[in-house]
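Chains, contacts and geometry: an overview
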Amino acid sequence: MAQAPAAPIRVASGVHYEFLARWDVDQLNRILTVDTPKFAGITVTYSPARNAVRLYRVSYPSVIPERGNRPTVATGLVAVPDTGGASFPMVSYQHGTVYGKQEVPSFPEQSPETQLMLAQFAGQGYVVVGADYFGLGGSAEPEGYMVKGSHQQATYDMLMAARAVLADLRITTPKLFLSGWSQGGFVTLAMLEKLESAGVPVQAAVTASAPADVFVALNGFLNFPRKIDASWVPTLFILSSFSFENYYGVPGLARSVLTDDYFELSRKAYERLPFDAGAVPTELRKIIRPEYFDPQFFANSAYGRLVAAAQAYRWVVKTPVRTFYGETDEAIRTELGQLPMAYQKTIGNDRVEAVSTGDTSHRGTFAKAVPQWKAWFDGQ
């Protein structure tokens, strides 16, 4: 990353982009052989990068559906293979849950998951794009964690902005693929639903460790905890309760969910203010009010009703989809990983297939899924 960022270039409809860096083949292959194994905790064989990649940060106008389509500005990444070519397939990557505001695609040096996508896809001739979501990257909004409409809007508008940038670079992308891990798996399915409804062709879509139904995921943590459940599960309740309060306009929602002892700490965590991360309890019963452990109360509460709307699999899927899941994933149960396929098959639709990555952790599932994603995309 020797070159300094250049001045922003303005293109259509308020979109502008700036050159960030050129990552060479050696750097991309270090990501595959050194950095990703360190991040994921397992070693996976990847196809080596063949070309360098040019990275651009994009700023683009969007709107917040839950707030009456209030205008906002969001950011994302466009990565272009540095081959001199003018036509490449495109992968839109939707990132997972992050704890730092800049651990997102448009700050790729801070995002190990984005780095893997760049090394495996952009380093082998794919354009890679990715939205940062509202509240992250360069966005001035509060975070909209698992707020479905906003995720759909941010990703749709990022795709349109990326196409404007690529047109300015004289690059065409005849095929569009979608991919996402963890939270990004949910966002990928939600994005696919919006793109299908808008008539935007998608060649295929993949997820890894996707919580396609947030109500199912949170119910499991509250009422049927497993010994392997992740220590960071409380953070999911923190981020979603504050995000839903802000985006759906329900004053006091987070305070109704979180205990008094940990409310202020949780607020600082959500707002990315200085706080002691080690002080966030790993036990849900310390941070979630006791009434939420009653399934009926949770389902009927204002929070539970909003959570129940956070699903991204209950429509008739037209695009070929593969959802990858790990059998020892500390955040996503096997059955949740299979849920989109089960739902679609129940109505007679065979477009969605669930694929096991074996006894893999949450990060390990992503690491093992990525080369399988690419092999599937390469064949289409």
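Parameters and conventions
- Residues numbered from 1 in each chain as written.
- Predicted model: local features only at pLDDT ≥ 70, side-chain atom pairs only at ≥ 80, totals over all residues.
- Heavy atoms only, no water.
- Helix = DSSP H or I, 4+ residues; strand = E, 2+ residues; numbered from the N terminus.
- Buried < 20%, exposed > 50% of the residue type's maximum accessible area, 1.4 Å probe, protein only.
- Contact = heavy atoms within 4.5 Å.
- Expected span 1.5 Å × (residues − 1).
- Bend = angle between axes of the 7 residues up to and from the residue.
- 1 Å grid on protein atoms, 1.4 Å probe; cavity = no way out; pocket = protein on both sides within 12 Å on 5 of 7 lines; lining within 4 Å.
- Points joined across faces, edges and corners; volume = space filled by probe spheres on them.
- Nonpolar A, V, L, I, M, F, W, Y, C, P; charged D, E, K, R; others polar.
- Pairing = 2+ DSSP bridges.
- Axes fitted to C-alpha atoms, helices over the stretch in contact; angles between N-to-C directions.
- Phe/Tyr/Trp six-rings, centres within 6.5 Å; stacked < 30°, edge-to-face > 60°.
- Right-handed = clockwise from strand over helix to strand, strands pointing away.

Moving on: the side chain of Thr-114. Within the fold, Thr-114 resides in helix α2 (residues 112–120). Judged by its relative accessible area of 2%, Thr-114 falls in the buried class. With sequence-adjacent residues up to four places away left out, Thr-114 is seen in contact with Leu-77, Val-104, Pro-105 and Pro-108.

Moving on, we get to helix α13 (residues 362–378). End to end, α13 covers 25 Å across 17 residues, agreeing with the expected 24 Å (1.5 Å per residue, within 8%). Remark: the principal bend of α13, roughly 30°, maps to Ala-369, with a proline, Pro-371, within the next four residues. Extensive coverage of α13 is indicated by the burial of 12 of its 17 residues. The secondary structure elements touched by the buried residues of α13 are α1 (25–40), β5 (90–94), α2, β7 (176–181), β8 (204–208) and β9 (321–325).

Right, let's talk about empty space enclosed by the protein for a bit. Empty space among the atoms can be located by rolling a probe the size of a water molecule over them. Under the counting rule described, the total for this entry stands at 2 cavities of 30 Å³ or more. Lining the largest cavity are Val-216, Ala-217, Gly-220, Phe-221, Arg-226, Asp-229, Ala-331, Arg-333 and Leu-336. For the lining of the largest cavity, the element with the highest residue contribution is helix α5 (residues 214–223), accounting for 4 residues. Counted by class, the lining of the largest cavity contains 5 nonpolar, 1 polar and 3 charged residues. There is about 40 Å³ of room inside the second largest cavity. Lining the second largest cavity are Leu-189, Thr-207, Ser-209, Ala-210, Ala-212, Thr-323, Phe-324, Tyr-325, Leu-336, Gly-337 and Pro-340. Among the elements of the structure, β9 and α12 (334–346) are those that each provide at least two residues to the lining of the second largest cavity. Class assignment for the residues of the lining of the second largest cavity results in 7 nonpolar, 4 polar and no charged.

A volume near 540 Å³ is recorded for the largest pocket. Lining the largest pocket are 28 residues, with Thr-97, Tyr-99, Ser-182, Trp-232 and His-362 positioned closest to its centre. Those elements that place two or more of their residues in the lining of the largest pocket are α2, α5, α6 (233–248) and α13. The element best represented in the lining of the largest pocket is α5, accounting for 4 residues. Each residue belonging to the lining of the largest pocket can be placed in one class, and the counts come to 16 nonpolar, 8 polar and 4 charged. When its volume is computed, the second largest pocket comes out at roughly 240 Å³. Around the second largest pocket sit Tyr-99, Trp-232, Thr-235, Ile-238, Leu-239, Ala-269, Arg-272, Phe-275, Ala-277 and Val-280, which together line it. Per-element accounting of the lining of the second largest pocket gives the leading share, 3 residues, to α6.

Strands sit in the order β1-β2-β3-β4-β6-β5-β7-β8-β9-β10 across an open sheet of 10 strands; the sheet is mixed. Each having just a single partner strand, β1 (9–10) and β10 (352–356) make up the two edges of the open sheet. Alignment of β9 against β10, held across 5 bridges, turns out to be parallel. Each residue of the ladder has a partner; that of Val-321, found in β10, is Val-352. Sheet strands in contact with helix α4 (residues 183–198) are β5, β7, β8 and β9, and its direction is about 150° off that of β7.

Following the criterion strictly, the structure yields 21 aromatic pairs and no others. Consider the rings of Tyr-17 and Tyr-56, whose centres lie 5.6 Å apart with planes at 70°: the pair is edge-to-face. One end of the pair, Tyr-17, is in strand β2 (residues 16–23); the other, Tyr-56, is in strand β3 (residues 53–64), with 39 residues separating them in the sequence. Tyr-17 sits in the buried class, given a relative accessible area of 3%. Owing to a relative accessible area of 7%, Tyr-56 belongs among the buried residues under this scheme. On the numbers, 5.7 Å between centres and 65° between planes, the contact of Phe-19 with Tyr-56 is edge-to-face. Linking Phe-19 in strand β2 with Tyr-56 in strand β3, this pair joins segments that are 37 residues apart in sequence. Its relative accessible area of 8% is what places Phe-19 among the buried residues.

Next up on the list: the pairing of strand β6 (residues 127–131). Of all 5 residues making up β6, 5 are buried, and the element is well covered by its neighbours. Residues of β6 alternate between two faces, with Val-127, Val-129 and Ala-131 on one and Val-128 and Gly-130 on the opposite face, all of them buried. Sheet topology note: the strand β4 (residues 70–81)/β6 ladder contains 4 bridges and is antiparallel. Counterpart to Gly-76 in the pairing with β6 is Ala-131. Relative to β6, β5 is paired through 3 bridges, and the arrangement is parallel. Bridge assignment links Met-90 to a residue of β6, and that residue is Val-127. Note on the crossover from β5 through α2 to β6: the handedness is right-handed.

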